[in-house]
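Understanding the architecture of this molecule
Residue-level listing of the chains:
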Amino acid sequence: MLLRRRVTAATALLGASVVAASLAAPAQASPAPGVAPSLKKNLVSYYDFEHPARGNAAQERDLGRSGTTIDLVNGGAAMRVRDGARRHAIQLGQVNPSTAGNDDWKAGVYSATGVPSLHAFNAVRGATVAGWFKMTGTNPSPNSNTANPDDVYNAVGLIGVLTGDSDGHAVRALLEIIDVSGTLRLVALGRRIDGGSSQTFAANEDWRTLLPQNTWVHLAATFDYDTGKMSLYKDGEPLDGFYTVSGDPWKLQGTPSPHLASATDPRGIKIGGSFPQNTREANPCNCRMDGLMFLDRAITPAEARLQYRIAKR
C-alpha cells in the first residue's frame, strides 16, 4: 500500500541536501568477506571479482576502505570467469605472443599524478600484498617486445603497489616470479624510496612446486620498511628464502627510526603484468587470481595462517 505524507519545505530541503551529499561522496564499499578481524582496519583494497563497478562491467569495485576501482584491461567483463560452483575469478594472460601490441589481459589502475585513494601507502611503515593464484598456462611468456621468437620474459607479474614515480612498472611492494641469478623464483620485491634501489626476498623452493598448474594457492608477501624485513607465505605458512641484494638498498643505516616509504601517493596497482595504463606489455601471467588484498602494514605469521584458514578456497 502506498503511504502518503505531507512534505514540508524544510523536509524537502533536507531531502535535497541528503541527495546532493550522496552524489558528492564516494560510494561506500561493501564489507570484504573472508577477512581476518585483525586485518580489516588495514585492508586498503580488496578485490573478489564478484562486484563489477556500477554501469561498467569492465571495472571491479574495491571492497577495502579506499574504494579504488580497478580496470579489467583489454578483456573487460570477459575476464571474470566462473571458477567453482558460485565464485568468479579473474583470468589473465598473454593474447598475441608474436605481436608487440597492447592486448594482454591484465588489471589495475594508474595515474601519473598518483592515485589519491591509495594515500594509505604514502609514507607507510609496512605493507602486505596477498591473494589466491592459479597457474592456467605456460609461464613465463614469449617476449613480445623483441624480434627473437625464442626470447621469453624474465618475470611473471602477480600483484603489486606502484611507487609514487612509477612509469607503470616500478613498485613499492610486489609479489611476482622473477629470474634470480639465472633461476626463476617466487619473490617479494620492495622499494622504500622512490627512484631508489629495491630489495628482493626469494623463496628457496622451486616456483613450479609452489604454484603447480591448475591448483589454487594462497600467497602473501610482507614488507617492513622500518626494519628491512620481508617475508613470503604459501597457504598460511612462511617460506624459507634469502635476500638477493647485499648492503643497505633501502638506506636504513645511519638514519633515525621509524623508516617509512616515500611520502608520495602510489601511481596505482598492477595485477597480472606491468603497465596497467596499457602503454606497453611486460611480464604477463597466464593465470587466474581471486581475493586480492592490499594492506598498509606487514601482517604477522599468525595472521597469515589465520587469513588462509578463513579465506580457504
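Residues numbered from 1 in each chain as written. Predicted model: local features only at pLDDT ≥ 70, side-chain atom pairs only at ≥ 80, totals over all residues. Heavy atoms only, no water.

**Comments concerning the pairing of strand E12 (residues 198-203)**
For E12, the tally of buried residues reaches six of six residues, placing the bulk of the element in the interior. Here E12 shows two buried faces, one formed by Ser198, Thr200 and Ala202 and the other by Gln199, Phe201 and Ala203. Inspection of the sheet shows strand E11 (residues 183-191) paired to E12 by five bridges, in the antiparallel sense. Each bridged residue has a counterpart across the sheet, and for alanine 188 the counterpart in E12 is phenylalanine 201. Taking the residues that link successive antiparallel strands as the turn, the E11-E12 hairpin has six residues, and the phi of glycine 195 there is positive, at about 80°. Where E12 meets strand E16 (residues 241-243), three bridges bridge the pair, whose relative direction is antiparallel. Residue alanine 202 lies in a different strand from E16, and its bridge partner there is phenylalanine 242. (Buried < 20%, exposed > 50% of the residue type's maximum accessible area, 1.4 Å probe, protein only. Helix = DSSP H or I, 4+ residues; strand = E, 2+ residues; numbered from the N terminus. Pairing = 2+ DSSP bridges.)

**Some words on helix H3 (residues 301-311)**
The complete set of buried residues in H3 reads Glu303, Ala304, Gln307, Tyr308 and Ala311. Here the buried residues of H3 occupy an arc of 135° about the axis, which is enough to place them on one side. Along its buried surface, H3 packs onto strand E8 (126-135), strand E13 (217-224), strand E14 (230-234) and strand E18 (287-295). (Arc of directions from axis to C-beta. Contact = heavy atoms within 4.5 Å.)

**Side note on the sheet that holds strand E3 (residues 56-60)**
A sheet is described by the order of its strands in space; here ten strands give the open sequence E2-E3-E4-E7-E17-E9-E10-E11-E12-E16, paired in antiparallel fashion. Lying at the two open borders of the sheet, with one neighbouring strand each, are strand E2 (52-53) and E16.

**What about the environment of lysine 270?**
Mapped onto the secondary structure, lysine 270 falls in strand E17 (residues 268-271). Sequence separation between lysine 270 and valine 171 is 99 residues, and the spatial gap between their C-alpha atoms is 9.0 Å. Ignoring sequence-local partners within four residues, the contact set of lysine 270 consists of Ala107, Leu158, Ile159, Gly160, Leu162, Gly168, His169, Val171, Leu174 and Pro276. A distance of 2.8 Å separates a polar side-chain atom of lysine 270 from the backbone oxygen of histidine 169. (Polar contact = N/O pair within 3.5 Å; in protein donor to acceptor, adjacent residues only side chain to side chain.)

**Here we look at the state of the cysteines**
Tallied over the entire structure, the rule returns one disulfide. Each sulfur of the disulfide joining cysteine 285 and cysteine 287 lies 2.2 Å from the other. Disulfide cysteine 285 to cysteine 287: torsion about the S-S bond roughly 135°, handedness right-handed. With respect to class, cysteine 285 is no different from cysteine 287; both count as buried. (Disulfide = S-S within 2.5 Å.)

**Looking at the packing of aromatic side chains**
A complete count under the given rule lists four aromatic pairs for this structure. With a centroid separation of 5.3 Å and 45° between ring planes, the pair formed by tyrosine 225 and tryptophan 250 is classed as tilted. Taken together, the residues span a long stretch of sequence, with tyrosine 225 in the loop between E13 and E14 and tryptophan 250 in the loop between E16 and E17 at a distance of 25 residues. (Phe/Tyr/Trp six-rings, centres within 6.5 Å; stacked < 30°, edge-to-face > 60°.)

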